[in-house]
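Coordinate inspection notes
Chain by chain, the residues:
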Amino acid sequence: MGIEVVFVTFNKGFENVSGFFDCEDNSIYVNQDEYPLRQTFTVAHELGHSVLHAEWARSAEYRMLMRDGDYTGNEPHEKEANAFAANLLVPRFMLDRYWNSMPLEGLSRLFAVSVPVIKNRLAFEYGI
Ligand SMILES: [Zn+2]
């Protein structure tokens, strides 16, 4: 998609920002101090904004993804970007194949996402 992913250290006061999508230079900026699984989810989340919310991402309404704002955030764009990221990283057709045959930690390693992301996907897809 031609989007550049840039790992950076955010300025003082913004250390808790996980990342953001800058539509002006078509780049996703990721907090390089967060752990890798977190960064992967951030990139997928911001990719969701670029695919689904190009216009909104240009507006003043767009706010940076905060570390604890992404799972709990009720803002519709944020929820949609989280769903996009979760489905991109943990596709239903692959989950169907493996969810019943390994523990949460195994699924976490297989899909390279955190255990909470796996738990969310299982709850959403199978109600467990
Ligand atoms: Zn977001």
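Residues numbered from 1 in each chain as written. Predicted model: local features only at pLDDT ≥ 70, side-chain atom pairs only at ≥ 80, totals over all residues. Heavy atoms only, no water.

**So, helix 5 (residues 104-111)**
What helix 5 keeps buried is the set Gly106, Leu107, Ser108 and Phe111. For helix 5, the secondary structure elements touched by its buried residues are helix 1 (36-52), helix 3 (76-89), helix 4 (92-98) and helix 6 (115-126). Phi turns positive, to about 55°, at Ala112, one or two residues after helix 5. (Buried < 20%, exposed > 50% of the residue type's maximum accessible area, 1.4 Å probe, protein only. Helix = DSSP H or I, 4+ residues; strand = E, 2+ residues; numbered from the N terminus. Contact = heavy atoms within 4.5 Å.)

**Let's talk about the coordination of the zinc ion**
The expected angle between donors at a tetrahedral four-coordinate metal is 109.5 degrees. At an octahedral six-coordinate metal it is 90 or 180 degrees. Distances from the zinc ion to its protein donors, His45 (NE2), His49 (NE2) and Glu78 (OE), fall at 1.9 to 2.1 Å. By relative accessible area, Glu78 is classed as buried at 10%. (Donors = N, O, S within 2.8 Å, 3.2 Å for Na, K, Ca; no water.)

**Observations concerning the domain arrangement of the protein**
A common way to state how big an interface is: give the accessible area lost once the parts meet. For the protein, the domain assignment lists domain 1 (1-73) and domain 2 (90-128). Placing the centre of domain 1 and that of domain 2 at their C-alpha centroids yields a distance of 24 Å. Across the boundary between the two partners, domain 1 contributes five residues, which contact six residues of domain 2. Roughly 400 Å² of surface becomes buried between domain 1 and domain 2 when both sides are summed, with 69% attributable to carbon and sulfur atoms. For the interface between domain 1 and domain 2, the tally reads zero salt bridges. Where domain 1 meets domain 2, there are zero residue pairs in polar contact (both at pLDDT 80 or more). Taken together, the residues of the side of domain 1 that touches domain 2 break down into four nonpolar, one polar and no charged. (Domains from an automatic or database assignment. Buried area = accessible area lost by both parts, 1.4 Å probe. Salt bridge = Lys/Arg side-chain N within 4 Å of Asp/Glu carboxyl O. Polar contact = N/O pair within 3.5 Å; in protein donor to acceptor, adjacent residues only side chain to side chain. Nonpolar A, V, L, I, M, F, W, Y, C, P; charged D, E, K, R; others polar.)

**Looking at the packing of helix 1 against helix 3**
Two measures define how a pair of helices packs: the angle their axes make with one another and the distance between the axes. In contact at an axis separation of 8 Å, helix 1 and helix 3 are set at 120° when each is read in the N-to-C sense. It follows from the interaxial angle that helix 1 and helix 3 lie oblique. In this structure, the crossing between helix 1 and helix 3 has a hand that is right-handed. Seen from helix 1, the contacting residues are Thr40, Phe41, Ala44, His45, Leu47, Gly48, His49, Val51 and Leu52; seen from helix 3, they are His77, Glu78, Glu80, Ala81, Asn82, Phe84, Ala85, Ala86, Leu88 and Leu89. Among the residues making up the contact of helix 1 with helix 3, the classes are represented as 11 nonpolar, six polar and two charged. (Axes fitted to C-alpha atoms, helices over the stretch in contact; angles between N-to-C directions. Parallel < 35°, antiparallel > 145°, perpendicular 65-115°, else oblique. Left-handed = near helix turned anticlockwise from the far one by under 90°.)

**Notes on a nonpolar patch on the surface**
Taken together, Met1, Val51 and Leu52 make up a surface patch of nonpolar side chains, about 320 Å² in accessible area. For Leu52, a relative accessible area of 40% gives the class partly exposed. (Patch = residues over 30% accessible without salt bridge, like charges linked within 9 Å, V, L, I, M, F, W, Y side chains within 5 Å. Areas by Shrake-Rupley, 256 points an atom, 1.4 Å probe, with all protein chains shown as cover.)

**What to know about the pairing of strand 3 (residues 27-31)**
With five of five residues buried, strand 3 lies mostly within the body of the structure. Burial of the side chains of strand 3 extends over both faces: Ser27, Tyr29 and Asn31 are buried on one face and Ile28 and Val30 on the other. Looking at chain direction, strand 1 (residues 4-8) and strand 3 are connected through five bridges and run parallel. Bridge assignment links Val5 to a residue of strand 3, and that residue is Ile28. Taken together, the four bridges between strand 2 (residues 17-22) and strand 3 define a ladder with antiparallel strand orientation. Following the sheet pairing, Gly19 is matched in strand 3 by Val30. Between the end of strand 2 and the start of strand 3, which pair antiparallel, lie four residues, with Asn26 showing a positive phi angle near 50°. (Pairing = 2+ DSSP bridges.)

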